[in-house]
Amino acid sequence: MLKILFSPSEGKRSGGSEERGDLLGAVDARDSILQAYNNILLSKDEAAIKSLFGMKKFSDAQPYIADIFDSPLMAAIERYSGVAYEYLEYESLPEDAKEYLKKNTIIFSNLYGPLYGGDPIANYKVKQGNSIAEIVPEKFYKERFTYQLDLLLAKEEILDLRAGYYEKFYKLTKPYTTLKFLKNGKSVSHWAKAYRGIVLREIAKHQIDSLEAFMALEIEGLTVHEIKTTKNKREIVYNIID
C-alpha cells in the first residue's frame with residue numbers, strides 16, 4: 001500500500017466533535033510533551049504563551065488557550081487549514097476518498113508528532129521551530145518514533161510530500177519518492193504547497209495504492225520535467241503549466 005507523509009499547517013480549524021481515541025504509536029509516547037504544552041497554556045504567563053505561539057499580541061493567542069486534554073477534537077486531516085489543505089478541499093471529497101486520507105496519510109505535527117490523518121487532535125498553536133518548555137519537538141519525536149515508523153512503513157511504498165523541515169522528525173532510510181514543482185523553471189513556495197494539496201486530493205480520489213499507479217496518474221496543470229534518483233530518494237520534478 002502507498003503511505004503519504006505530509007506537513008501540518010499554521011492555520012487550523014477550531015471546534016470538533018470527534019471522540020477521544022488512540023493516536024499513532026504507543027499510548028503514552030506523547031504524555032510529557034503534551035503535559036508541558038498544557039502547563040504553559042494554563043500558567044497564565046503571557047510572555048511564555050506568546051513566545052510558544054510566535055505571537056506579538058496576547059489577544060491573538062486567546063482562541064488557543066484551553067486545556068488540551070479537555071478540548072474538542074477533530075481528525076488531523078480536517079484540523080489543518082493552510083494552503084495545502086485549502087487545495088486538498090477535504091470537505092468536498094467523496095466518503096471513500098476521506099477514509100483513504102484518514103488511513104494512509106501521516107501528518108507530522110509540531111505538537112503531536114506523527115499522526116494518521118484520522119487521528120483526533122485538539123486545536124493548538126506551536127510556532128514551527130519553537131521548543132515546548134525544555135522539549136525540542138523534532139528531537140523528541142525522532143528519538144521516540146523512528147523505530148515505530150520504521151516498523152510501520154517497512155512493507156509500504158512511500159510518497160514523501162513533507163516540507164523539508166519535517167524531515168527532522170523522521171528520516172527515511174528505505175526507498176521513497178518525493179516531488180518538486182517548478183514554475184518558469186523556478187521553485188515557488190506557495191505553489192509547492194498548493195500542488196502538494198492538489199496531488200494528495202487526486203491520490204485520494206483515485207484510491208492510489210502504489211507508486212506505479214501514482215506515476216500513471218495524470219494531474220491537471222502538471223507535466224513531468226525529469227526524474228532524479230539519489231541513493232534511496234527518487235525525485236519527480238514537475239513543471240506547473242498555465
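This one's a predicted model, so the numbers in the text were calculated from it and none came from an experiment.

Draft legend 1. The overall build of the chain, seen in detail. The secondary structure content of the chain amounts to nine helices and ten strands. Over its C-alpha atoms the chain spans a radius of gyration of 18 Å, differing by no more than 12% from the 18 Å that the globule rule assigns to 242 residues. Counting only C-alpha atoms, the chain reaches 50 × 40 × 35 Å along its principal axes. Across the 242 residues of the chain, 50% fall into the buried class. For the chain, the share of sequence-separated contacts (at least 6 apart) that also reach a separation of at least 24 residues comes to 70%. About 12,100 Å² of surface is accessible on the chain, with carbon and sulfur atoms providing 48% of the total. In the chain, the 34 positive side-chain charges and the 35 negative ones have mean positions that sit 6 Å from each other.

Draft legend 2. Up close: the nonpolar core. Membership of the largest hydrophobic core comes to 78 residues, with the highest contact counts inside it found for Tyr-37, Tyr-112, Ile-203 and Phe-214. Broken down by element, this core gets its largest block of residues, seven residues, from helix 8 (residues 189-205). Beyond its immediate chain neighbours, meaning those up to four positions away, Tyr-112 contacts Leu-23, Arg-30, Leu-34, Ile-68, Ile-121, Ala-122, Tyr-124 and Tyr-141.

Draft legend 3. Fine view of the side chain of Thr-177. Relative to the helices and strands, Thr-177 resides in strand 7 (residues 176-183). A relative accessible area of 1% means that Thr-177 is categorised as buried. With sequence-adjacent residues up to four places away left out, Thr-177 is seen in contact with Ile-158, Leu-159, Asp-160, Leu-211, Arg-234 and Ile-236.

Draft legend 4. Layout of the side chain of Asn-110. Inspection of the secondary structure puts Asn-110 in the loop between strand 3 (105-109) and strand 4 (113-116). Those residues within four positions of Asn-110 in sequence are excluded, and the remaining contacts are Pro-8, Tyr-124, Val-126, Gln-128, Ile-132, Pro-137, Tyr-165, Tyr-166 and Phe-169.

Draft legend 5. View of the packing of helix 1 (residues 31-42) against helix 2 (residues 46-53). Contact geometry for helix 1 and helix 2: axes closest at 8 Å, N-to-C directions at 130°. On the basis of the axis angle, helix 1 is oblique to helix 2. Residue-level inspection shows Tyr-37, Ile-40 and Leu-41 of helix 1 in contact with helix 2, the latter providing Ala-48, Ile-49, Leu-52 and Phe-53. When grouped by side-chain class, the residues that make up the contact of helix 1 with helix 2 number seven nonpolar, no polar and no charged.

Draft legend 6. Region of interest: the pairing of strand 7. Where burial is concerned, most of strand 7 is hidden: seven out of the eight residues are buried. As paired elements, strand 6 (residues 157-160) and strand 7 share two bridges and run parallel to each other. Counted as the bridge partner of Asp-160 is Thr-178 from strand 7. As judged from the two bridges shared by strand 7 and strand 8 (residues 186-187), these two strands associate in the antiparallel manner. Among the inter-strand pairings, Lys-183 is bridged to a residue of strand 8, identified as Lys-186. Counting the residues between successive antiparallel strands, the hairpin from strand 7 to strand 8 contains two residues, one of them, Asn-184, with a positive phi of roughly 55°.

Thresholds applied
- In every chain, residue numbers begin from 1 and rise along the written sequence.
- Residues qualify for local features only when their pLDDT is at least 70, as the model is predicted, and side-chain atom pairs are given and counted only at 80 or more; totals for whole chains, interfaces and linings, by contrast, use all residues.
- Computation of side-chain values covers all heavy atoms of the structure but excludes hydrogens and water.
- Segments assigned H or I by DSSP are reported as helices when at least four residues long, segments assigned E as strands when at least two residues long, and all are numbered from the N terminus.
- The size measure is the radius of gyration over C-alpha atoms, and the globule rule it meets is 2.2 Å times the number of residues to the 0.38 power.
- For the exposure calls, accessible area comes from a 1.4 Å probe over protein chains only, and a residue counts as buried if that area is under 20% of its type's maximum, exposed if over 50%, partly exposed in between.
- We call two residues in contact when some of their heavy atoms are within 4.5 Å.
- Residue-level accessible areas treat just the shown protein chains as cover; the underlying method is Shrake-Rupley with a 1.4 Å probe.
- A residue counts as positive if it is Lys or Arg and as negative if it is Asp or Glu; His and the chain ends are not included.
- Charged groups are reduced to one reference atom each: NZ for lysine, CZ for arginine, CG for aspartic acid, CD for glutamic acid.
- Nonpolar cores are built from buried Ala, Val, Leu, Ile, Met, Phe, Trp, Tyr and Cys residues. Side-chain atoms within 4.5 Å join them into one set.
- Axis definition: a line fit to C-alpha positions, over the contact stretch in the case of helices; interaxial angles, taken between N-to-C directions, run 0 to 180 degrees.
- Every angle not falling under 35 degrees, over 145, or within 65 to 115 is termed oblique; those three ranges are roughly parallel, roughly antiparallel and roughly perpendicular.
- Ten residues, namely Ala, Val, Leu, Ile, Met, Phe, Trp, Tyr, Cys and Pro, are considered nonpolar, four, namely Asp, Glu, Lys and Arg, are considered charged, and the remaining ones, Gly among them, are considered polar.
- Note: two strands are recorded as paired if DSSP finds a minimum of 2 bridges between them.

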